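# Descriptive analysis of the structure
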Amino acid sequence: KEDTSDNIQNSTRTHLEESLNTAIYFNSKAETEYFLDLYAKLLSQQGREDEAGLRSLCDKFAISEIHNKNSNCCHLGIHFIDSSWEKATGITRSYLLRKIVLPAISSNSSLQR
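Report on the accompanying structure. Keep in mind it's a predicted model, so treat the numbers as computed, not measured.

### As for unusual backbone geometry
Of note, the phi angle at asparagine 27 is positive, near 55°, even though the residue is not glycine. Along the chain, asparagine 27 turns up in the loop between helix H2 (13-25) and helix H3 (29-46).

What follows is the structure in structure tokens.
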């Protein structure tokens, strides 16, 4: 991957949400991973300012599909990745959480308790 620090600085949260939604809609594994990585890093850089956004992002990937579809807990502007998307791309929500979201969050020491 190329250095993403410049990409993060030049991207807005809304733009990343739209890009991530597009990647999810078209079942694009590589683009979903790329934009999710940028999005998680952006939220992590915002740190405590958007702790609710980080928590919501983790919930979106950690809790069950049924709970996500029927709950208001996830206020982020990204679509939920369901089991049909997982089958089409061959990657799971738990993989994305472990390999992309959590490492991005752990890079900000102020978020660690």
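Let's pick the thread back up.
### Quick word on the nonpolar core
One finds Leu20, Leu36, Tyr39, Leu57, Phe61, Leu96 and Val101 to be the most contacted residues of the largest nonpolar core, which totals 24 residues. For this core, the leading source of residues is H3, giving 7 residues. Among residues more than four places away in sequence, those in contact with valine 101 are Leu36, Ala40, Leu57, Cys58, Phe61 and Leu96.

### Let's talk about the pattern of salt bridges
Under the criterion given, the structure shown has 3 salt bridges. Where arginine 13 meets glutamate 17, a salt bridge forms, and the shortest distance between an N and an O atom there is 3.3 Å. Of this pair, arginine 13 and glutamate 17 both sit in helix H2, separated by 4 residues, roughly a single helical turn. Of the charged contacts in the structure, one is a salt bridge between aspartate 37 and lysine 41, with a shortest N-O distance of 3.2 Å. You can see aspartate 37 and its partner lysine 41 sitting in helix H3, 4 residues apart, about one turn around the helix. Overall, aspartate 37 belongs to the buried group, its relative accessible area being 8%. On the basis of relative accessibility, which here comes to 28%, the residue lysine 41 falls in the partly exposed class.

### Some words on the packing of helix H4 (residues 51-62) against helix H7 (residues 93-106)
Axis separation between H4 and H7 bottoms out at 9 Å; the angle between their running directions is 160°. Judged on the interaxial angle alone, H7 and H4 are roughly antiparallel. For H4 against H7, the interelement crossing comes out left-handed. In this structure, H4 uses Leu54, Leu57, Cys58, Lys60, Phe61 and Ala62 to contact H7, whose residues at the interface are Arg93, Ser94, Leu96, Leu97, Val101, Leu102 and Ile105. Its residues placed into classes, the contact of H4 with H7 shows 10 nonpolar, 1 polar and 2 charged.

### Points about the environment of threonine 12
The residue threonine 12 is located in the loop between helix H1 (5-10) and H2 in this model. Along the sequence, threonine 12 and leucine 42 sit 30 residues apart, while their C-alpha atoms lie 8.5 Å from each other. Of the polar contacts made by the side chain of threonine 12, one reaches the backbone nitrogen of histidine 15; its length is 3.2 Å.

### Some remarks on H2
Here H2 spans 18 Å end to end across 13 residues, near enough to the 18 Å set by a 1.5 Å rise per residue. The complete set of buried residues in H2 reads Leu16, Glu17, Ser19, Leu20, Asn21, Ala23 and Ile24. In the core, the buried residues of H2 are packed alongside H3 and helix H6 (83-89). Looking one or two residues beyond H2, the residue adopting positive phi is asparagine 27, at roughly 55°.

### A short note on the packing of aromatic side chains
Remark: the centre distance and the inter-plane angle together describe each pair of aromatic rings, the angle taken between the planes. Scanning the entire structure with this criterion turns up 2 aromatic pairs. Geometrically, the ring pair formed by tyrosine 34 and phenylalanine 35 is edge-to-face, given 5.1 Å between the ring centres and 75° between the ring planes. Given the relative accessible area of 23%, tyrosine 34 is considered partly exposed. For phenylalanine 35, a relative accessible area of 19% translates into the label buried.

Parameters and conventions
- Residues numbered from 1 in each chain as written.
- Predicted model: local features only at pLDDT ≥ 70, side-chain atom pairs only at ≥ 80, totals over all residues.
- Heavy atoms only, no water.
- Helix = DSSP H or I, 4+ residues; strand = E, 2+ residues; numbered from the N terminus.
- Core = buried A, V, L, I, M, F, W, Y, C linked by side-chain atoms within 4.5 Å.
- Buried < 20%, exposed > 50% of the residue type's maximum accessible area, 1.4 Å probe, protein only.
- Contact = heavy atoms within 4.5 Å.
- Salt bridge = Lys/Arg side-chain N within 4 Å of Asp/Glu carboxyl O.
- Axes fitted to C-alpha atoms, helices over the stretch in contact; angles between N-to-C directions.
- Parallel < 35°, antiparallel > 145°, perpendicular 65-115°, else oblique.
- Left-handed = near helix turned anticlockwise from the far one by under 90°.
- Nonpolar A, V, L, I, M, F, W, Y, C, P; charged D, E, K, R; others polar.
- Polar contact = N/O pair within 3.5 Å; in protein donor to acceptor, adjacent residues only side chain to side chain.
- Expected span 1.5 Å × (residues − 1).
- Phe/Tyr/Trp six-rings, centres within 6.5 Å; stacked < 30°, edge-to-face > 60°.

By themselves, these observations are geometric and do not establish any function.
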